[in-house]
4 protein chains.
Amino acid sequence: MARARMREVGITTGELPTGRLNAITDVAGVKVGHTTLVSGDGPLRPGAGPVRTGVTVILPHGGNLFREKAPAAVQTINGFGKPTGFEQVRELGNIETPIALTSTLNVGRVFDALVDYAISQSPEIGIRTTSVNPLVGETNDSHLNDIQGRHVTTAHVLAAIASAAEGAVAEGCVGAGTGTVCYGWKGGIGTASRIGRTGYTVGALVQSNFGASRDLCVGPTPVGRHIEPPVTAPADRGSIMIVLATDAPCDARQLHRLCGRVSAGLARTGSLYGHGSGDFAVAFSTAYRITHEAPDVAAMRPAIVREESMDDLFRAVVEATEEAVLNSLFTAETTVGRDDHVRYALPVDDVLALVRRYAG
Amino acid sequence: MARARMREVGITTGELPTGRLNAITDVAGVKVGHTTLVSGDGPLRPGAGPVRTGVTVILPHGGNLFREKAPAAVQTINGFGKPTGFEQVRELGNIETPIALTSTLNVGRVFDALVDYAISQSPEIGIRTTSVNPLVGETNDSHLNDIQGRHVTTAHVLAAIASAAEGAVAEGCVGAGTGTVCYGWKGGIGTASRIGRTGYTVGALVQSNFGASRDLCVGPTPVGRHIEPPVTAPADRGSIMIVLATDAPCDARQLHRLCGRVSAGLARTGSLYGHGSGDFAVAFSTAYRITHEAPDVAAMRPAIVREESMDDLFRAVVEATEEAVLNSLFTAETTVGRDDHVRYALPVDDVLALVRRYAG
Amino acid sequence: MARARMREVGITTGELPTGRLNAITDVAGVKVGHTTLVSGDGPLRPGAGPVRTGVTVILPHGGNLFREKAPAAVQTINGFGKPTGFEQVRELGNIETPIALTSTLNVGRVFDALVDYAISQSPEIGIRTTSVNPLVGETNDSHLNDIQGRHVTTAHVLAAIASAAEGAVAEGCVGAGTGTVCYGWKGGIGTASRIGRTGYTVGALVQSNFGASRDLCVGPTPVGRHIEPPVTAPADRGSIMIVLATDAPCDARQLHRLCGRVSAGLARTGSLYGHGSGDFAVAFSTAYRITHEAPDVAAMRPAIVREESMDDLFRAVVEATEEAVLNSLFTAETTVGRDDHVRYALPVDDVLALVRRYAG
Amino acid sequence: MARARMREVGITTGELPTGRLNAITDVAGVKVGHTTLVSGDGPLRPGAGPVRTGVTVILPHGGNLFREKAPAAVQTINGFGKPTGFEQVRELGNIETPIALTSTLNVGRVFDALVDYAISQSPEIGIRTTSVNPLVGETNDSHLNDIQGRHVTTAHVLAAIASAAEGAVAEGCVGAGTGTVCYGWKGGIGTASRIGRTGYTVGALVQSNFGASRDLCVGPTPVGRHIEPPVTAPADRGSIMIVLATDAPCDARQLHRLCGRVSAGLARTGSLYGHGSGDFAVAFSTAYRITHEAPDVAAMRPAIVREESMDDLFRAVVEATEEAVLNSLFTAETTVGRDDHVRYALPVDDVLALVRRYAG
């Protein structure tokens, strides 16, 4: 039985209203899919298991992403990480594959799988037109998972894409969050959304794998000062990938500004972007699409939000990011991984009691 | 009588110990000076007053900065601002003038004053050697001050430099903080420091002029949700300049990493780096100096901290930045400015009561 | 009598057609103005002269730039320089003052003058709305000029703006180019333009003050290998500012891509972006304007060129930049400056003979 | 029989002396290895062939790169490309795997192979320490090669590493250059080196796959205006990867400055960094190594070159880059690829005659 999300428990952070599902899929058309891999127990046998990993994919729309790209931007908060595709997003301001999140050493294989997917949809790639830019993010799930094994295959990635859907998003120990650790507790996939005063929606989805337990905050409550995990965490070597979606018509520069507020959302949960934490944001807009190699010179005429209205979107980014991280903690379940390493689920009752105490 | 700093009131944020003075001047050799300009009352007469402004200077050392530069880095958190000198710091990794903070439209005149100062120390500038790169930061104090008047003159800047000293730093409504507004309250200059576990000191000094009142947090206490200023603030158009000093031997790339944690310190106080807020960080190290145009090819051999030890410095940056902002609020006094605009001092008793209530 | 431009002498570089004037003013609406300051002779008396300097202003349009901003971008090729305004252009993608070019140490005073100008047009600045972001570029004219004197005053800047006009642009020893040195010869202001195959115009204007004489190329002719200036140049401490204008509808990201091709244009003339050379590009589009603080959320709907058509603009940038540099050399006249320093005009007859020889 | 390098034919570009081999391996300790894949003929059968591709690896030293990293930097000239590893190099200033160059869609598989290699040398990766950051560059060889087939396997990458050696470097149609096209002619791998006046060596190695034929320059000779390939090239969709090595003791910031001069070297050959060309530079120094996770706080004390001496290194970068590109053209042989596409070898006799004519 799935654990409850933070709001279901009775805790609220932020002030803006959420979307209907409080998920990245509140941005119309966005799809999310997971493949979760759990097998084996006991001692690590590198290459064989135990396996606690997976892949999560986010699709800006359900069409052909190579032929109809989404405007996009990226930002590196702390660059100790191995994402792919960032250079081209910076130059051209768009994404042309699903965004795939996975385990660090698995990035190459997931890149390769996205190539397979793109070719299956657009067989002209690399023959009659340009090649394709796979966008892969990762965090290091090696505390629980046989990371050297790189267990996510092309079939797993294609299955995640095939299963991707609008609607409610599975959170916690699923997909790329299966083996991750956050603030010393079991982390995972989390999502949230906000509707700004201008009516636009911002959704966030995170793969949480960062932080020292003593730093954890839930809203104004310094949880980490009072509640420690039963097992000591090793040095903070985690990371976080944050994906933002919005239906606000932003160009790439403006989407980059949205990425710039992710760091405030992370800091609200206690992060200081540790040395070993590869923290990366990706943002895309669903408000318009960029067709691949259209013949006309000046076909694009997107509506672009006024710069002055961006504060509203900024607040939505901060709140959605914060709550997505917290949702990943509230929904993730205690997991036993390689070498019997355990990462415990955040003890919700204790947290709730503490939050109530601090609420005065 | 000066208002008390946050710790003097009995409130503590963060976990690392402070330096002796809890100020940027805990980094040995660093000097700070202010010139404060207050004159006139009543209706704004653009160019004439009322004047509520000034200039604050930070010197990495007391010697000739042009001939013995400090390793340095800059980072732009939100670029809606007008600092000077950033391009050269990015390229060469050093600063060669005092860092001067002032009112936005006054940047040109303060740049000019730093040229005067540099020439007075190094008459060879622009004759027998290169020119000099003045580093000026600013925030917009127009709510209280006749900003169009640009009342900070060369004499004021030279006086601030002449008065710059080690030791305790005046805070609140002094120098560049005379007319600033922070979270709807009177802001100003604030400073703080931390000593990391590796024994290195990090100091921060801020010119605080940003934020919406409802967002203010003092440590875990959401002050802004409970205590509103008596007057409504206009739209958030402020900014913040943050100067970091450390005695840790960092190269420019590592100092840039320190700058990257300022955003977490700001977020702890409630910031989301608003659209209209020009938020900029400057960091320098006092551990070694870079001589101007030395004849030898490979004279530099600085000790450089191990990358793994930077988490300790990062925490120091976050905590010092947070507390410097809060100190600016605790020490600033109610100020009446142009057009009888008032910005009230943060009501310390109310805040203290709230903090105690939230501390459970 | 003015010296002839390169094409008037009979030398052509590049392959695209020029605009009618072969100047940045071929982009409709763009205005250029200069104030040229020449006085005194003989030994340098710092602060008094001799004076060989000035200011050049480029206006994207003749209206109120603060209220109707131009989309813009900047790029730093080598950051050893002191431009102002870059951070805000990067964040917001627009310029809101004339672009002013001047002598390095004069940047503060010219910044201040642009504030005066902006306030004179828009008295609401810093009172009922935000402040303004002056964009100033510079190169170091200290070999000929009393740079410490900072002789360009507010009146000079306002005069340059008042005199700014569409039509033919004065080149060589005018405005900000009065005292500059390029490839060991007298440099100065130069301009050129190209019309791409898509019908859009790109114009470039440079303040040339860089390069070692042996590196100079005129098209395919390695002039510097054969023709040396009569006097030895000191170490390359120059710089170059390059301003690009286009009527192509580009957003800020695309304008940044245009800036990225300036380096190829410079390299064609022989540059390798020396350590001491502050090389900076600014680009703006006249195709649409961005109104200041409009109330509507999504008013902008600019046509944006297709990415695939940018190669055409890139070639125009490269060729216009190259020819603008060469025009600055062809039109600048022998100048005697401080301490009787002389920088000779490029000997056009010798160059022409050499170009013909190399043309086989 | 191998085709002659440019200097062997009698053409010289630049003015600095080359190293002994005029190759990146003139930087002591640097190793280069290739695996070249050529099979099949006739019509493209996607996934099956014909195969004209490969992988080239560059090792900063022959030891364990993960445990002893090389200081490094990257720069993106035009970001239309899919390299991996750039974010971490920017953050940490080092590389910890061989640099591998390959075909665009093959990047994922080569990333995966570098993980295998790193684990084989350092089995602690992802178990008792951090993961590893594979550095892969690519260009698109789809005009001649079955790019969808991704024919470079882990075994091929490991073979290239195993065969990597100091000494002379195979050029032209080898390794990652097997199927590339440059200025409409057959491109490939090229290398060159320069010794600066300060005694330091700079080496460059390129995978050339860019440019329009009419733009090609050999030194000052505009070859492309006179000599066209027998077959028309499609639109410029190529790219170039440039790897720089030096024994000069540079920190990451200074290595980034070296990368910044690659664009001048490319421009000398005629490049304007076309829209579709992913142009990326990587630079590393062999002067010192960075040990992985050393326990001491301040163990690093590298000698760092004086900034003023960098002009010498800049010239070496420009000349080595230029000649590496030209060597790739001079050494590559006519290649028939998929769908009987042909890319012809640069006709050396014609070029030599033209160069002599232009030399007057």
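To be clear, the structure that these remarks concern was listed above.
First things first, this report covers the structure right here in the doc.

The rules we used
- Residues numbered from 1 in each chain as written.
- Chains lettered and ligands numbered in written order.
- Predicted model: local features only at pLDDT ≥ 70, side-chain atom pairs only at ≥ 80, totals over all residues.
- Heavy atoms only, no water.
- Helix = DSSP H or I, 4+ residues; strand = E, 2+ residues; numbered from the N terminus.
- Rg over C-alpha atoms; globule rule 2.2 N^0.38 Å.
- Buried < 20%, exposed > 50% of the residue type's maximum accessible area, 1.4 Å probe, protein only.
- Contact = heavy atoms within 4.5 Å.
- Areas by Shrake-Rupley, 256 points an atom, 1.4 Å probe, with all protein chains shown as cover.
- Lys, Arg positive; Asp, Glu negative; His and termini not counted.
- Charge placed at Lys NZ, Arg CZ, Asp CG, Glu CD.
- Buried area = accessible area lost by both parts, 1.4 Å probe.
- Salt bridge = Lys/Arg side-chain N within 4 Å of Asp/Glu carboxyl O.
- Polar contact = N/O pair within 3.5 Å; in protein donor to acceptor, adjacent residues only side chain to side chain.
- Nonpolar A, V, L, I, M, F, W, Y, C, P; charged D, E, K, R; others polar.
- Least-squares fit on C-alpha atoms with pLDDT ≥ 70 in both.
- Pairing = 2+ DSSP bridges.
- Axes fitted to C-alpha atoms, helices over the stretch in contact; angles between N-to-C directions.
- Parallel < 35°, antiparallel > 145°, perpendicular 65-115°, else oblique.
- Left-handed = near helix turned anticlockwise from the far one by under 90°.
- Arc of directions from axis to C-beta.

**Observations concerning the overall build of chain A**
- Across its full length, chain A holds nine helices and 15 strands.
- Taken over the C-alpha trace, chain A has a radius of gyration of 19 Å; the compact-globule value for 360 residues is 21 Å, and the two agree within 12%.
- With the C-alpha coordinates of chain A rotated into their principal frame, the extents come out at 60 × 50 × 35 Å.
- Taken over 360 residues, chain A has a buried fraction of 72%.
- Counting contacts in chain A only where the partners sit at least 6 residues apart, residues at least 24 apart contribute 81% of the total.
- Looking at chain A as shown, the accessible area adds up to about 9,800 Å², and 52% of this sits on carbon and sulfur atoms.
- Charge centroids of chain A, computed over 32 positive and 36 negative side chains, lie 2 Å from each other.

**A few points about the interface of chain B and chain A**
- With 30 residues of chain B at the interface, the matching set in chain A holds 32 residues.
- For the pair chain B and chain A, the summed buried surface comes to about 2,700 Å²; carbon and sulfur atoms form 43% of the total.
- Its largest share of buried area at the contact with chain A, chain B owes to P220, L272 and H275 of chain B, together 24% of the area lost on that side.
- For D215 of chain B, the salt bridge goes to R315 of chain A, with nearest N and O atoms at 2.7 Å.
- At the boundary of chain B and chain A, one finds 17 residue pairs in polar contact (both at pLDDT 80 or more).

**Observations concerning the interface of chain D and chain A**
- Contact residues are listed per partner, giving 47 residues for chain D and 47 residues for chain A.
- Counting across the interface, chain D meets chain A through eight salt bridges.
- Summed over the shared surface of chain D and chain A, the number is 26 residue pairs in polar contact (both at pLDDT 80 or more).
- Of all the elements in the fold, those that place two or more residues in the side of chain D that touches chain A are β3 (68-79), α2 (86-92) and α3 (107-121) of chain D.
- Ranked by residue count, the leading element in the side of chain D that touches chain A is α3 of chain D, at eight residues.
- Of the residues assigned to the side of chain D that touches chain A, the class counts are 18 nonpolar, 17 polar and 12 charged.

**Let's talk about the relation of the copies chain B and chain A**
- With an RMSD of 0.0 Å, chain B superimposes on chain A once it is rotated by 180° and translated 0.0 Å along the axis. Such values leave the two copies arranged in the relation of a two-fold axis.

**Details of the side chain of H292 of chain A**
- Structurally, H292 of chain A can be placed in the loop between β13 (290-291) and α8 (310-331).
- Residue classification places H292 of chain A among the buried residues on the basis of a relative accessible area of 18%.
- A distance of 2.8 Å separates the side chain of H292 of chain A from the side chain of K69 of chain A, its partner in a polar contact.
- A polar atom in the side chain of H292 of chain A sits 2.7 Å from the side chain of T129 of chain A.
- H292 of chain A has contacts with F66, R67, K69, T129 and T130 of chain A together with R306 of chain C, leaving out every residue within four places of it along the chain.

**So, the sheet that holds strand β6 (residues 135-139) of chain B**
Residue and element names in this part refer to chain B.
- One open sheet holds the four strands; their spatial order is β1-β2-β5-β6, and the pairing between them is mixed. The two strands at the open ends of the sheet, each matched to only one other strand, are β1 (31-39) and β6. The sheet shows a mean angle of 15° between the axes of neighbouring strands, direction not considered.
- Its contacts with the sheet place helix α4 (residues 154-163) against β1 and β2 (51-59), and it is angled at close to 140° to β1.

**What to know about the pairing of β2 of chain B**
Residues and elements named next belong to chain B.
- A large share of β2 lies buried, amounting to nine of its nine residues.
- The two faces of β2 match: V51, T53, V55, V57 and L59 on one face and R52, G54, T56 and I58 on the other face are all buried.
- As judged from the nine bridges shared by β1 and β2, these two strands associate in the antiparallel manner. Each bridged residue has a counterpart across the sheet, and for L37 the counterpart in β2 is T53.
- Two elements, β2 and strand β5 (residues 99-103), share three bridges in a ladder whose sense is antiparallel. Opposite V57, over in β5, you have A100 as the bridge partner.

**Examining the environment of R7 of chain C**
Residues and elements named next belong to chain C.
- On the secondary structure map, R7 appears in helix α1 (residues 6-9).
- Residue R7 is classed as partly exposed on the basis of its relative accessible area, which comes to 30%.
- C-alpha of R7 to C-alpha of E323: the two residues are 316 residues apart in sequence and 9.3 Å apart in space.
- Excluding anything up to four places from it in sequence, R7 contacts T12, T13, T18, N22, R194 and E323.
- At 3.3 Å, the side chain of R7 and the backbone oxygen of T13 are in polar contact.
- Side chain to side chain, R7 and E323 meet in a polar contact 2.7 Å long.

**Let's talk about the packing of helix α3 (residues 107-121) of chain A against α3 of chain D**
- For the pair α3 of chain A and α3 of chain D, the least separation of the axes is 7 Å and the interaxial angle reads 165°. The angle between the axes of α3 of chain A and α3 of chain D places the two elements in the roughly antiparallel class. You can see that α3 of chain A and α3 of chain D cross each other, and the crossing is left-handed. Each of V107, G108, R109, F111 and D112 of chain A in α3 of chain A lies in contact with α3 of chain D, whose residues at this interface are V107, G108, R109, F111 and D112 of chain D.

**Some words on helix α4 (residues 154-163) of chain A**
Residue and element names in this part refer to chain A.
- Listing the buried residues of α4 in full gives V157, A160 and I161. Taken around the axis of α4, the buried residues stretch over an arc of 95°, which confines them to a single face. Opposite the packed face of α4, turned more than 90 degrees from it, sit the exposed residues A155 and A162.

**Points about the sheet that holds strand β6 (residues 135-139) of chain D**
Residues and elements named next belong to chain D.
- Reading across from one edge, β1-β2-β5-β6 is the order of the four strands in this open sheet, with mixed pairing throughout. Every other strand in the sheet has two partners, leaving β1 (31-39) and β6 as the edge strands with one partner each. This sheet shows a mean twist of 15° between the axes of neighbouring strands, independent of strand direction.
- Strand contacts of α3: β2 (51-59), β5 (99-103) and β6, with the helix running at about 155° to β6, the strand carrying the most contacts.
- Across the sheet, helix α4 (residues 154-163) is in contact with β1 and β2; its angle to β1 comes to roughly 140°.

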